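# Summary of the model geometry
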Amino acid sequence: MTTQNPTAKSMRNPDDLIVIAGAGGFIGGALTRYFHDQGFTNIRAIDKKPVYKWYQRVPGVESLCLDLSDRENCHRAVEGAVEVYNLAADMGGMGFIEHFRVECLRSILINTHLLEAAYEAGVDRYFFSSSACAYNITLQQDPNVRALKESDAYPAMAERGYGWEKLMSEIFCQEYWAERKLKTFIARFHNVYGPYGTWDGGREKAPAALTRKVIEAQESGDMSIDIWGDGTQTRSFMYIDDCVKGIDMITHCDELVATPINLGSSELISINDLVSLIEGIAGVKLDRTYKLDAPRGVAGRNSDNSFIEQVLGWEPSTPLRTGMGQTYTWIKQQYADRAAGLPTPAAEEK
Ligand code: NAD
């Protein structure tokens, strides 16, 4: 991390109350661990899932099971908070967001109530996790895509359901600053991957899904793999450690108040090449079957990191090969744990 950027550690007292919504999930869980490891002693982690289903349980953290689409629960959640991070949403990979648009849209209730409760409680800083799905889809119809810059969200033509919810919640955050002076911060994440992310059950994203399929092929001896789409679609993938560092720096940069910013890797790769990369890590070569009727998302998407480099002098930079190596090792262990009957909460029931 660049030393000159303010962070929670440089701005806050270790006992200031940090609230993390969606802490039972992938990124919220990693952020909870990150702040805990930074020495924060007063963290309240919240998720609607019962605590035994959380992907990570961090010792010494107040862990609450609350549905944050409920207004009263949001008031309870932010009581006494200095900073609030909203990572709670009903979401998943393409398979989920193409089939469950109503669920995705309903996440607007979470941000709407949490933001108002944060404002009423006098919270100092509020972070919202937006998505690259908020960008205009007409700019993403070619695998050799031009990387998306922040202004590409408008004129608006977001991903149906999920993307529109993100765009509308961004606007809520922007207006709470414009009208009420609540400092809000908005990052548009581009696909995040890494250990403790969903890897089975229908909500997993491409890096975890493909890694699981490679492991399944190895374990079963049936050396083949199904790929959604024709494999030419391109994406960039950000390692989880870069994501949590970026959230911290963005939330403590006053230049970024109410200003959506990309938080993603700019290392573009096709799904075919991602499969080859995982095969290389696993030391196998599989027969590929392309499922052309499966959800495939936009043809290409990459993050233009000019703005984050300009403002923070930093961008997510963990090489995909390094991050996927860590992810493969972790999923392989989870796979073995599940086979041995141990709990594996990040492989949710369908
Ligand atoms: P996740 O599904 O692992 O975590 C989200 C958590 O929110 C889940 O544990 C879920 O139970 C919880 N939640 C859902 N509804 C809730 C409610 N009503 N009250 C309380 N908790 C509730 O997802 P993630 O990958 O950790 O994503 C975190 C945030 O980042 C989300 O806003 C997501 O849209 C955004 N995002 C993620 C990615 C990615 O690649 N993972 C990309 C773009 C944006």
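Before reading on, note that the structure itself is shown above.
Bear in mind the structure is a predicted one, so any value in this text is a computation, not a measurement.

### Overview of empty space enclosed by the protein
- For the structure shown, the criterion picks out one cavity of 30 Å³ or more.
- Taken as a whole, the largest cavity spans an internal volume of roughly 30 Å³.
- Lining the largest cavity are A23, G29, T32, A45, W54, Q56, V58, V61 and S63.
- Tallied by class, residues from the lining of the largest cavity come to five nonpolar, four polar and no charged.

### As for the site of the ligand
- Around the ligand sit 27 residues, and of these I27, D47, D67, Y162 and V192 come closest.
- One of the backbone nitrogen or oxygen atoms of V192 is found 2.7 Å away from an oxygen atom of the ligand.
- For the ligand, whose unbound accessible area comes to 820 Å², protein coverage reaches 95%.
- Where the shell around the ligand is concerned, the elements lending two or more residues are α2 (26–37), β5 (125–131) and α7 (162–180).
- With three residues, β5 is the largest single contributor of residues to the shell around the ligand.
- Its residues placed into classes, the shell around the ligand shows 13 nonpolar, eight polar and six charged.

### Let's talk about the nonpolar core
- Among the nonpolar cores identified, the biggest contains 71 residues, and F35, F189 and I247 are the most heavily contacted of them.
- Those residues in contact with F35 that lie beyond four places of it in its chain are A8, I18, I20, F40, I43, Y85 and D248.
- Ranked by size, the runner-up nonpolar core spans 25 residues in total, among them L17, I46, L64 and L68.

Rules and cut-offs
Residues numbered from 1 in each chain as written. Predicted model: local features only at pLDDT ≥ 70, side-chain atom pairs only at ≥ 80, totals over all residues. Heavy atoms only, no water. 1 Å grid on protein atoms, 1.4 Å probe; cavity = no way out; pocket = protein on both sides within 12 Å on 5 of 7 lines; lining within 4 Å. Points joined across faces, edges and corners; volume = space filled by probe spheres on them. Nonpolar A, V, L, I, M, F, W, Y, C, P; charged D, E, K, R; others polar. Near = heavy atom within 4 Å. Polar contact = N/O pair within 3.5 Å; in protein donor to acceptor, adjacent residues only side chain to side chain. Areas by Shrake-Rupley, 256 points an atom, 1.4 Å probe, with all protein chains shown as cover. Helix = DSSP H or I, 4+ residues; strand = E, 2+ residues; numbered from the N terminus. Core = buried A, V, L, I, M, F, W, Y, C linked by side-chain atoms within 4.5 Å. Buried < 20%, exposed > 50% of the residue type's maximum accessible area, 1.4 Å probe, protein only. Contact = heavy atoms within 4.5 Å.

Keep in mind that these numbers describe shape and distance, not what the molecule does.
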